[in-house]
Amino acid sequence: EILDISRYNKTDIELYKKNCNIKKIIIDCVNTLRPRLNMYNIKINLDIYDKELYIDEKRTCDVILNIIDNCIKHSECNNIYFTMDLNYNNVLHIIDDGQGICEEDIHKIFEPFYKGRQSTSKSSGSGLGLNICKTIIEKQGGSIKLKSQKGVGTEIIIKF
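Anyway, here's the lowdown on the structure attached to this text. Values in this document were obtained by computation on a predicted structure and should not be read as measured data.

**Here we look at the overall build of the chain**
Alright, step 1. A tally of regular secondary structure across the chain gives six helices and seven strands.
Alright, step 2. Starting at the N terminus and walking to the C terminus, you meet the elements of the chain as α-β-α-α-β-β-α-β-β-α-α-β-β.
Alright, step 3. For the chain, with 160 residues in total, the buried portion stands at 48%.
Alright, step 4. Counted over contacts in the chain with a minimum sequence separation of 6, partners at least 24 positions apart contribute 68%.
Alright, step 5. Carbon and sulfur atoms provide 48% of the accessible area of the chain, an area that totals close to 8600 Å².

**Describing helix α4 (residues 57-75)**
Alright, step 1. Over its 19 residues, α4 extends 26 Å from the first C-alpha to the last, a length consistent with the 27 Å expected when each residue adds 1.5 Å.
Alright, step 2. By the criterion of burial, α4 is predominantly enclosed, with 15 of the 19 residues buried.
Alright, step 3. In this structure D56 caps α4, since a side-chain oxygen of it lies 3.1 Å from the backbone nitrogen of K58.
Alright, step 4. A positive backbone phi angle near 55° is found at E76, which sits one or two residues after α4.

**Looking at unusual backbone geometry**
Alright, step 1. Look at N41: it is not a glycine, yet its phi comes out positive at around 55°.
Alright, step 2. For N41, the location among the structural elements is in the loop between α3 (34-39) and β2 (43-47).

**Thoughts on helix α6 (residues 129-139)**
Two residues of an α-helix separated by three or four positions point the same way, owing to the 3.6 residues in each turn.
Alright, step 1. Among the residues of α6, those classed as buried are G129, L130, N131, I132, C133, I136 and I137.
Alright, step 2. Just beyond α6, the residue with positive phi is G141, at close to 90°.

**Regarding the environment of I64**
Alright, step 1. Assignment of secondary structure puts I64 in helix α4.
Alright, step 2. Residue classification places I64 among the buried positions, given a relative accessible area of 0%.
Alright, step 3. Setting aside residues no more than four positions away along its own chain, I64 makes contact with I22, I25, I26, C29, F82 and L92.

Quick notes on the rules
- Residues numbered from 1 in each chain as written.
- Predicted model: local features only at pLDDT ≥ 70, side-chain atom pairs only at ≥ 80, totals over all residues.
- Heavy atoms only, no water.
- Helix = DSSP H or I, 4+ residues; strand = E, 2+ residues; numbered from the N terminus.
- Buried < 20%, exposed > 50% of the residue type's maximum accessible area, 1.4 Å probe, protein only.
- Contact = heavy atoms within 4.5 Å.
- Areas by Shrake-Rupley, 256 points an atom, 1.4 Å probe, with all protein chains shown as cover.
- Expected span 1.5 Å × (residues − 1).
- Polar contact = N/O pair within 3.5 Å; in protein donor to acceptor, adjacent residues only side chain to side chain.

Below you can see the structure in the form of structure tokens.
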């Protein structure tokens, strides 16, 4: 559905919030993309725990799938790390050890249709995915940020 929203540039995303276990959502997303992760020899490292959050399970899964997919397609990483902030236990960090994002792209990365300057053989897409992810997280009352350093990797921080 996130691809449909992207293709048709829909912004009317309906949410169906309920108590959901974020650890289960993350594990389901990783398992969904396991064949592609294995194909590119990308290892997943989970330092997460069971935590019930009042969120839209499907839309949150769409966000996590999109972020993992971006790591696969754009980062040239070997590892993706998932951690949860123990001080603020409604914060999820998704970190890759890939090539990072150019400094001039970082502040534009959530803009619609923005694809950035880097390109890999696995790159494709409309440039709407992260913009839609931001919309989904913000409609749930959260926030999403990105930190990146060229040659080191990228971190996505989601606060629910």
